[in-house]
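# Overview (structure and organization)
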Amino acid sequence: MYDAYISEMEQMPWDEAWLQRHVRSLGSRPVRILTSGNHGVGHLPARNARDPKHIEYEHQIARAQARWLTLSSNAKQIFPRHSSEYVEFDDPSAVIDAIHAVYVQSALRSRGR
């Protein structure tokens, strides 16, 4: 797992550059961005949650993820309160709710409603 993590981190600058060069609109397709507010903390509750450096780090991540909102006119950023960056493990209901909302909107759209 460590090798996979290191590989992912090494590729991030390339991935970011590629995404910036190949931006395209998703129109009004529903998009949900799940931003935890607890990145790199290891375990919850975060020991450094009130540290000014950590707070600034979290704000930077939230702003970076908010840039995805520009891809769709139907995009929302959701902030699960009790989750690390592994939202799918820490708050699976937030993931399920986001998927369900996108599914319902997509289904209604495909029926012309």
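These numbers come from a predicted model, not from an experiment. (Residues numbered from 1 in each chain as written. Predicted model: local features only at pLDDT ≥ 70, side-chain atom pairs only at ≥ 80, totals over all residues. Heavy atoms only, no water.)

## Topic: the overall build of the protein
Threshold: Here a strand is any run of E in DSSP of at least two residues, a helix any run of H or I of at least four, and the numbering for each starts at the N terminus. To sort residues, take the accessible area from a 1.4 Å probe on protein chains only and compare it with the maximum for the residue type: under 20% means buried, over 50% means exposed, and anything in between is partly exposed. Here, two residues are considered to be in contact whenever any of their heavy atoms come within 4.5 Å of each other. The Shrake-Rupley method, run with a 1.4 Å probe, gives the accessible areas here. Residue values count only the displayed protein chains as cover. A residue counts as positive if it is Lys or Arg and as negative if it is Asp or Glu; His and the chain ends are not included. One atom stands in for each charge, and that atom is NZ of Lys, CZ of Arg, CG of Asp or CD of Glu.
Each helix and strand in the protein was counted, giving four helices and two strands. Its helices and strands in sequence order give the protein the pattern α-β-α-β-α-α, from N to C terminus. Dimensions along the principal axes, computed over C-alpha positions, put the protein at roughly 50 × 35 × 30 Å. For the protein, with 113 residues in total, the buried portion stands at 24%. The long-range share in the protein, meaning contacts at least 24 apart out of those at least 6 apart in sequence, stands at 68%. Looking at the protein as shown, the accessible area adds up to about 8,800 Å², and 57% of this sits on carbon and sulfur atoms. Each charge class in the protein was averaged separately, 14 positive and 13 negative side chains, and the resulting centres sit 13 Å apart.

## Some thoughts on the confidence of the model for the protein
Convention followed: Every residue is assigned a pLDDT by the predictor, reflecting its confidence on a scale from 0 to 100.
Per-residue confidence for the protein gives a mean pLDDT of 87, with 96% of residues at or over 70. Least confident of the elements in the protein is helix α1 (residues 2–21), whose mean pLDDT is 85; most confident is strand β2 (residues 74–78), at 96.

## Focus on the pairing of strand β1 (residues 30–34)
Put simply, the rule is: A strand pair is defined by DSSP finding two or more bridges across the two strands.
Here β1 lies mainly inside the structure; four of its five residues are buried. In terms of strand pairing, β1 meets β2 through five bridges, oriented parallel. Within the sheet, the bridge partner assigned to L34 lies in β2 and is I78.

## Remarks on a nonpolar patch on the surface
Convention followed: Surface patches are defined over residues having more than 30% relative accessible area and no salt bridge, joining like charges when they lie within 9 Å and nonpolar side chains (Val, Leu, Ile, Met, Phe, Trp, Tyr) when within 5 Å. Salt bridges are counted wherever a side-chain nitrogen of Lys or Arg sits within 4 Å of a carboxyl oxygen of Asp or Glu.
On the surface, a cluster of nonpolar side chains totalling about 440 Å² of accessible area is made up of W14, W18, L19 and W68. Assignment of secondary structure puts W14 in helix α1. When its relative accessible area of 53% is taken as the criterion, W14 is described as exposed.

## So, the packing of aromatic side chains
Selection criterion: Two rings from Phe, Tyr or Trp (for Trp, the six-membered ring) form a pair when their centres are within 6.5 Å of each other. A pair whose planes differ by under 30 degrees is stacked, one over 60 is edge-to-face, and the rest are tilted.
The final tally for this structure, using the stated rule, is one aromatic pair. Between the aromatic rings of Y86 and F89, the centroid separation amounts to 6.4 Å while the plane-to-plane angle is 45°, which identifies the pairing as tilted. Under the relative-accessibility criterion, Y86 is labelled partly exposed at 40%.

## Some words on the side chain of E58
With respect to the helices and strands, E58 occurs in helix α2 (residues 52–66). No salt bridge forms around the buried E58; measuring N to O, its nearest opposite-charge neighbour R63 is 11 Å away. With near-sequence residues (within four places) excluded, E58 lies in contact with G37, N38 and H39.

## Remarks on the environment of H82
Within the secondary structure, H82 is located in the loop between β2 and α3 (87–90). Its relative accessible area of 63% is what places H82 among the exposed residues. Sequence-wise, H82 and S36 are 46 residues apart; in three dimensions their C-alpha atoms are separated by 7.6 Å. Not counting residues within four places of it along the chain, the set of residues in contact with H82 comprises L44, D90 and D91.

## Remarks on the pattern of salt bridges
In the structure shown here, the tally under the stated rule is two salt bridges. The partner of R67 in a salt bridge is E16, and the shortest N-O contact between them spans 3.4 Å. Of this pair, R67 sits in the loop between α2 and β2 while E16 sits in helix α1; the two residues are 51 residues apart in sequence, bridging distant segments of the chain.

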